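Structural overview
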Amino acid sequence: MSETVSDVQVLEFRLEDRNYCIDIAHVDEIVDKKELTPLPNSDPRVEGVMDLRGTTTTIINPKKVLDLEQTETGERVVVLESEDDDEGNVGWLIDAVNQVVSIDAENVDQSVESGSVRGIVRQDDGFVVWVKPEEINN
């Protein structure tokens, strides 16, 4: 039995009471939120910047992009791989990291794809929304 190339590893995380995931290839690291410096007149999705080992990291709140009510403030930051060194690092403020899981492409429903959503992953205990980092960051 050969291994299929349709298996993808994703990082599953929580925003409010919903589960989301992104391809693990986009994730650089996960850190605790430190003090954020607000940026005046910035995009509403930008919470501010944080110093991460000498690198200025822009912190984005995906809840604002996904139109989620905010009842709690995320305490974890998922730092994304930087595709362009000139752009600096970007991190997402999330409520909790769930797990890294392998998913089979057959379990991804892409009929719901939209601007920031790549698809829905079916799991035993419900659905996980697979988001596109490039859409949330821009």
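So, here is what we can say about the structure in this document. (Residues numbered from 1 in each chain as written. Predicted model: local features only at pLDDT ≥ 70, side-chain atom pairs only at ≥ 80, totals over all residues. Heavy atoms only, no water.)

1. As for the pattern of salt bridges
- What the rule picks out here adds up to 10 salt bridges.
- Glu 16 is the partner of Lys 63 in a salt bridge, and the nearest nitrogen-oxygen pair spans 2.8 Å. On the criterion of sequence distance, the pair formed by Lys 63 in helix α1 (residues 62-65) and Glu 16 in the loop between β1 (7-15) and β2 (18-23) is long-range, its members being 47 residues apart.
- Across the salt bridge formed by Asp 43 and Arg 45, the nearest N and O atoms sit 3.2 Å from each other.
- Residue Asp 43 is classed as partly exposed on the basis of its relative accessible area of 37%. (Salt bridge = Lys/Arg side-chain N within 4 Å of Asp/Glu carboxyl O. Helix = DSSP H or I, 4+ residues; strand = E, 2+ residues; numbered from the N terminus. Buried < 20%, exposed > 50% of the residue type's maximum accessible area, 1.4 Å probe, protein only.)

2. Some details on the sheet that holds β1
- In spatial order, the strands read β8-β1-β2-β11-β10-β9; together these six strands make up an open sheet with mixed pairing. Each edge of the open sheet is held by one strand with a lone partner, namely β8 (96-104) and β9 (108-109). (Pairing = 2+ DSSP bridges.)

3. Quick word on the packing of aromatic side chains
- Considering all chains together, one arrives at two aromatic pairs under this definition.
- Between the aromatic rings of Phe 13 and Tyr 20, the centroid separation amounts to 6.2 Å while the plane-to-plane angle is 25 degrees, which identifies the pairing as stacked. Like Tyr 20, Phe 13 is buried.
- Plain terms: the ring middles of Phe 13 and Trp 92 are 6.1 Å apart, the flat faces sit at 65 degrees to each other, and that makes the pair edge-to-face. With Phe 13 in strand β1 and Trp 92 in strand β7 (residues 89-94), the pair connects residues that are 79 residues apart, well separated along the chain.
- Taking the relative accessible area as the measure of exposure, Phe 13 reaches 1% and is therefore buried.
- Taking the relative accessible area as the measure of exposure, Trp 92 reaches 0% and is therefore buried.
- An aromatic cluster is built from Phe 13, Tyr 20 and Trp 92, whose rings are joined through pairwise contacts. (Phe/Tyr/Trp six-rings, centres within 6.5 Å; stacked < 30°, edge-to-face > 60°.)

4. Describing the pairing of β1
- Of the pairings in the sheet, the one linking β1 to β8 comprises eight bridges and is antiparallel in character. For Gln 9, the partnering residue across the bridge sits in β8 and is Ser 102.
- For β1 and β2, the ladder comprises six bridges, and the chain directions are antiparallel. When the sheet's bridge partners are listed, Arg 14 is paired in β2 with Asn 19.
- The hairpin turn running from β1 into β2, its antiparallel successor, is two residues long, and Glu 16 in that turn takes a positive phi close to 55 degrees.

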